Amino acid sequence: MSTLTALARAQAFAAARAQPLATVRHLHLHERPMVLIPYAMAGEANAPLAAMLGTDRKNPDLLVVAQPRNRDDRFAFAASLAEAIVPYVDSFTALTEAVAVDRGRDVRYRFTDAPQLWVPNSGGVEFLRLFGRSTRFRSTEGEYAVPAAVPLLGRWLTFFANTAEVPGSSLLLNVVQAMSLHWATGQSSAEDAQLAALMAWIAPPAGVSVFEAAAAAENPALLPPAGPATDPAFDNHVLAPLLSVAEPDIAELTAVLREQLLPTWNLMWQAIDLLRALPVGSRVAGRWDGDRDAYSAFYQHLAEGGAPQPRRDGAVAAAARLSRLENAAARYAVQRAFDDPLVMAEYRLAGAAFEGAVTLAKADRIDDSGKRPVLRPRIMVVTAEPVRMEPGATLTSPARPSQKATIISVTPVLPGDEAKTEVLLELSGGMGRKLVAEPGSVPEVGERLLFTTLSEAYRPGGAFPEPDQTPWTHGGPPVSDSAADDEAGVNGSAELEPAALSGA
Amino acid sequence: MPRVTATPRPRDNSDSALDRFRGANPAKRHNARTIAALTGNPGCSRRAVLDAAGVDKPRLAQQIGFPMGFGQSRFALARGNGFEAMLKADNCALLLSVLRDVLALETDSVAYADLGEDDDATLGARHGRTRELLAAAAGAALVDHPLLTLEVAGRQVFLEPDLIAFQVEGRLHVVEIKSFAIVDGQADSAKVSAAAVQAAVYVLALRRLLTSLGHDPALVSHDVVLVCPRDFSLTPQAVVIDVRKQLATLKRQLTRLASVSDLAASLPDGISFDVALPPAQLIASLHEVEARYAPECLSACELAVFCRHEASGSTAALGRPVRDALGGVNTIQEALELATEARTPTEEQAEAAALLQAAARLRAGIL
């Protein structure tokens, strides 16, 4: 927990209202998101009980499992869930756009839009992952045949659950995480994990104090849990009597479950409204491009009859995936800081960024010590913030992301009542190709600027061997028995990589 | 395993002061879960006293107007019991088949001893039978419903492991039966670690028992067996978990738990947690015993909602990471006053205060 976030929590408590942690929205918000609330049967291994879902907030669909412990009823539920989700997921493939690859030498296509699912919390994501696991290998023929849509749903849910692990991806979002990213409450993160308690701090009902609202949110009789776990009292007193008969009354079951799920449904749409009211961060669209790439690639993988994702990744696929996740996490952290001064403030507090005024600028300085003279303007920046950087460090300013600034010297300014630091910087790049800088490309005296060690520079992915070249340190090449799985691992993980998509 | 002739009686150090706290109500029993929770927050005197006195905390919380939904769904209970019954049917036939793989039990020489049903009246007798059986046992055997004791905060508590398995070489293994699923070799990490801590409690109790019988405590293996349903079925799967780390933590925290008897003796007279008393009197008694609230208590202690209410406005109520980031000051108000320079920091607060002021300036400048 950073001091800045902790302070925001303390301020939220004192103000009895959630405090902003971001000035812009850091996620893509779809115009037509699908909201989905899964409810699970207590005690069972990922047995669904019900799901409320839809794209129309006034008209949610409620799917109910007639007898959750009956396998046939479970797969009937999976089939109806597939009927609701798969058409939505497939509905973004009408238009494609060309993307230049390989420095413009080639072109690939991706869909101009992609689906976006919302679940209440991380438990909902985990439920979808396990539900995907339990359905994607199902056979559509033979003794335990299921409708063809069931394994298809399983593959899509697995795809979504995997993308939810990628920092900055907006294909499958959970409300608790999304809201916690943008607001700090005056309670602990354990309490924030309850959607209703979190929303009580961000948007308490009219005429009710935050503390009253938060207390009410913890009473499952007033606000049922957001799932997938049910309220034990509801299980024992309402559900158990209904399910105790061989053929439960579906109408009544639907009615009681609707009552349990509807409050969460309304809270989720309310949360989406609040997020929509925030201005969007400027780098969000670029990350959504990556999401569309992933969606397009996986759609193509399915269209070509690709194998379901493996139970577990092979060593090479797992290492490659980890490397991609690490890259995505680093990129996401930098992009959020560049988009949002409140996020950048964390880095300023930690000494990885500082803001100051330009006091000297020599825009026409030429460095002719090398073979060819090059334009290397120098500027002096004075800051009151701590500068924990060494000469030689390369900095970037969010105002001029394509320009590099190298620290020449860091000098404390001794006289004066406040501790100030003079930083001498040498600039390169982003000034045009001539030996005279383009107008406005070199900061002028008096300009206030922020410099940071964070960099948006491209990070190349790691190089990994082919699966059959897996080194002995990682178990060696997979043996023939699991070879099929490992191969599928490489294919399955392609969902995260932009892949060629033949023009549709 | 060698026989021992003298079987010392389990120490009886019932503490009259602690028993008085409870009034006329019967004592609530400890189990591995409550011990695991106790060691999760060893600094909390309130929990230590209430648990040691065997106070019915759910009823106490209800009586003082801070009830807590610690209910369990009957579906979950039914499935857990069903899974255990399935494993133990026909003298543990199914359980043996999965244990054989991980423990190398010899099929034909496995005895099964059921030490009797769960009943308060038979605690002493069951513990006695457990001691006899463990002192005498030779060869592979499964011991069901054993009763162990463990000294917690100066008090002897009874513990009931799911099962103890003997291996042929005479090594004892604790078997934990849990109904959460292992899917593709992976299970919910929070549930696995909770099960591992509970199993470590049993291992420790078993080792202490063997020591008191004059055996080598190392006969109890630190490898415990966790039996769970596999994937989405009820097919059992056994995995071996090394609980050495949990054991070390447990031992350290049990020694750190202040002796509750000393604590009880230091409390003022007239304190009582008899749930028949009026709420105001109970709350006054509770305030006399210091609590150390943390948000984690909400999932581990039935009194947590009361303690949270009491701790409202403290930095601890926001969670440990927030408290640390706020420089470890006690109250939210104090932290905010340091941040706005409305309060002069003490020497050790100076650094934290400077950081808080910088943070406050940054937030104010941007928002």
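Residues numbered from 1 in each chain as written. Chains lettered and ligands numbered in written order. Predicted model: local features only at pLDDT ≥ 70, side-chain atom pairs only at ≥ 80, totals over all residues.

### Looking at the overall build of chain B
Step number 1: For chain B, the count of helices and strands is 14 helices and eight strands.
Step number 2: Evaluated residue by residue, chain B yields a buried proportion of 41% over its 367 residues. (Helix = DSSP H or I, 4+ residues; strand = E, 2+ residues; numbered from the N terminus. Buried ≥ 20, exposed ≤ 12 C-beta atoms within 10 Å, placed from the backbone.)

### What about the overall build of chain A?
Step number 1: Within chain A one finds 14 helices and 17 strands.
Step number 2: Across its three principal axes, chain A shows a C-alpha extent of roughly 85 × 60 × 45 Å.

### Structural notes on the interface of chain B and chain A
Step number 1: The partner chain A presents 41 residues to the 39 residues of chain B that form the contact.
Step number 2: At eight residues, the largest contribution of residues to the side of chain B that touches chain A is made by helix α14 (residues 350-366) of chain B.
Step number 3: In the side of chain B that touches chain A, the residues fall into 27 nonpolar, seven polar and five charged. (Contact = placed C-beta atoms within 7 Å. Nonpolar A, V, L, I, M, F, W, Y, C, P; charged D, E, K, R; others polar.)

### Topic: the domain arrangement of chain A
Step number 1: Per the domain assignment, the segments making up chain A are domain 1 (3-308) and domain 2 (353-452).
Step number 2: The C-alpha-based centres of domain 1 of chain A and domain 2 of chain A are spaced at 46 Å. (Domains from an automatic or database assignment.)

### Some details on the confidence of the model for chain A
All names here are of chain A.
Step number 1: Residues with a pLDDT of 70 or more make up 94% of chain A, whose mean pLDDT is 89.
Step number 2: The element-level mean pLDDT for chain A is lowest in helix α14 (residues 480-492), coming to 42, with strand β7 (residues 117-119) highest at 98.
Step number 3: Contacts for the low-pLDDT stretch residues 482-504, under 50 throughout, to residues beyond four places or in other chains number 55 contacts. (pLDDT = per-residue confidence, 0-100.)

### Details of the pairing of strand β10 (residues 353-362) of chain A
Residue and element names in this part refer to chain A.
Step number 1: Note: β10 against strand β17 (residues 448-452), five bridges, orientation antiparallel. Bridge pairing in β17 links G356 to L449.
Step number 2: Pairing analysis gives five bridges linking β10 to strand β13 (residues 378-383), with the strands arranged antiparallel. Note that in β13 the partner of K362 across the bridge is R378. (Pairing = 2+ DSSP bridges.)

### Looking at the sheet that holds strand β2 (residues 141-144) of chain B
All names here are of chain B.
Step number 1: Overall, mixed pairing links the six strands, which are arranged β1-β2-β5-β6-β7-β8 in an open sheet. With one partner strand each, in any of the chains shown, β1 (111-114) and β8 (236-242) form the two edges of the open sheet. Looking at each pair of strands side by side, their axes are set apart by 25° on average, direction ignored.
Step number 2: Across three bridges, strand β6 (residues 172-177) lies against strand β7 (residues 223-229) in parallel orientation. (Axes fitted to C-alpha atoms, helices over the stretch in contact; angles between N-to-C directions.)

### Points about the pairing of strand β4 (residues 155-159) of chain B
Each regular strand carries side chains that alternate between the two faces of the sheet.
All names here are of chain B.
Step number 1: Across the two faces of β4 the burial differs, with R155, V157 and L159 buried and Q156 and F158 not buried at all.
Step number 2: In terms of strand pairing, strand β3 (residues 148-152) meets β4 through five bridges, oriented antiparallel. Looking across to β4, one finds that E151 is bridged to Q156.

### Looking at the sheet that holds strand β3 (residues 48-54) of chain A
Residue and element names in this part refer to chain A.
Step number 1: Strand order in this open sheet of five strands is β4-β3-β2-β7-β8, and the pairing throughout is mixed. The open sheet has two edge strands with one neighbour each: β4 (61-64) and β8 (172-174). Taken over all neighbouring pairs, the strand axes of this sheet differ in orientation by 25° on average, direction set aside.
Step number 2: Across three bridges, β7 lies against β8 in parallel orientation. Pairing of L117 across the sheet is with L172, part of β8.
Step number 3: In the packing of helix α2 (residues 71-89) onto the sheet, contacts are made with β2 (34-40), β3 and β4, and the angle to β4 comes to roughly 155°.

### Concerning helix α8 (residues 210-217) of chain A
Note on helix geometry: an α-helix contains 3.6 residues per turn, so any two residues three or four positions apart are oriented the same way.
Step number 1: The complete set of buried residues in α8(A) reads V210(A), A214(A) and A217(A). One side of α8(A) holds all its buried residues, which, seen down the axis, span an arc of 60°. (Arc of directions from axis to C-beta.)

### Details of the nonpolar core
Residues and elements named next belong to chain B.
Step number 1: Counting residues in hydrophobic clusters, the biggest one holds 229 residues, and the most contacted among them are V201, V203, L206 and L356.
Step number 2: Looking at which element gives the most residues to this core, the answer is helix α7 (residues 189-212), with twelve residues.
Step number 3: Leaving out residues up to four positions away in the same chain, V201 has contacts with A32, I35, A36, L150, L159 and L250. (Core = buried A, V, L, I, M, F, W, Y, C linked by C-beta atoms within 7 Å.)

### Concerning the packing of helix α1 (residues 3-15) of chain A against helix α13 (residues 332-339) of chain B
Geometrically, a packed helix pair is captured by the angle between its two axes and the distance between the axes.
Step number 1: Interaxial distance between α1(A) and α13(B) falls to 10 Å at its minimum, and their mutual angle equals 115°. Pair α1(A) / α13(B) crosses with left-handed handedness. Here L7(A), A10(A), Q11(A), F13(A) and A14(A) of α1(A) lie close against α13(B), whose contacting residues are I332(B), A335(B), L336(B) and A339(B).
Step number 2: Here the residues of the contact of α1(A) with α13(B) are counted per class, giving eight nonpolar, one polar and no charged. (Left-handed = near helix turned anticlockwise from the far one by under 90°.)

### What to know about α1(A)
Residue and element names in this part refer to chain A.
Step number 1: Between its terminal C-alpha atoms α1 stretches 18 Å, which fits the 18 Å expected from 13 residues at 1.5 Å a residue.
Step number 2: A large share of α1 lies buried, amounting to ten of its 13 residues.
Step number 3: All buried positions along α1 are accounted for by T3, L4, A6, L7, A8, R9, A10, Q11, A12 and F13.
Step number 4: A16 occupies a position one or two residues after α1 and carries a positive phi of about 55°. (Expected span 1.5 Å × (residues − 1).)

### Some details on the packing of helix α2 (residues 32-40) of chain B against α7(B)
All names here are of chain B.
Step number 1: Close contact between α2 and α7 brings their axes to 9 Å; oriented N to C, the two are set at 105°. As far as their axial angle goes, α7 and α2 are roughly perpendicular. Here A32, R33, I35 and A36 of α2 lie close against α7, whose contacting residues are A194, V197, Q198, V201 and Y202.
Step number 2: For the contact of α2 with α7, a count of residues per class yields seven nonpolar, one polar and one charged. (Parallel < 35°, antiparallel > 145°, perpendicular 65-115°, else oblique.)

### Considering the environment of R131(B)
Step number 1: Structurally, R131(B) can be placed in helix α6 (residues 123-136).
Step number 2: A sequence separation of 29 residues divides R131(B) from E160(B), and the C-alpha atoms of the two residues are 13 Å apart.

### A short note on the confidence of the model for chain B
Residues and elements named next belong to chain B.
Step number 1: Counting all residues, the mean pLDDT for chain B is 82, and 89% of those residues have values of 70 or more.
Step number 2: The element-level mean pLDDT for chain B is lowest in α6, coming to 72, with α13 highest at 94.
Step number 3: Residue range residues 1-14 is modelled with pLDDT below 50. Its contacts to residues more than four positions away, or to other chains, number 20 contacts.
Step number 4: Two summary scores accompany this predicted model of the complex, namely pTM at 0.89 and ipTM at 0.86.

### Quick notes on unusual backbone geometry
Step number 1: Between G227(A) and P228(A) the backbone carries a cis peptide bond, its omega angle lying at -5°.
Step number 2: Position of P228(A) relative to the elements: it lies in the loop between α8 and α9 (232-243).
Step number 3: Despite not being glycine, E341(B) shows a phi value in the positive range, around 60°.

### Considering the environment of V334(A)
Residues and elements named next belong to chain A.
Step number 1: Summarising the element assignment, V334 is placed in helix α12 (residues 315-339).
Step number 2: Expressed as a C-alpha distance, the spacing of V334 and L274, which sit 60 residues apart in the sequence, is 24 Å.
Step number 3: With residues up to four places along the chain from it excluded, the contact list for V334 reads L454, S455 and E456.

### With respect to the environment of G123(A)
Residues and elements named next belong to chain A.
Step number 1: Tracing the backbone shows G123 in helix α3 (residues 122-136).
Step number 2: Among the residues examined, G123 registers 19 C-beta atoms within 10 Å and is labelled partly exposed.
Step number 3: When the C-alpha atoms of G123 and A196 are compared, they prove to be 15 Å apart, with 73 residues separating the residues in sequence.
Step number 4: If sequence neighbours within four positions are ignored, G123 has contacts with G227, P228 and A229.

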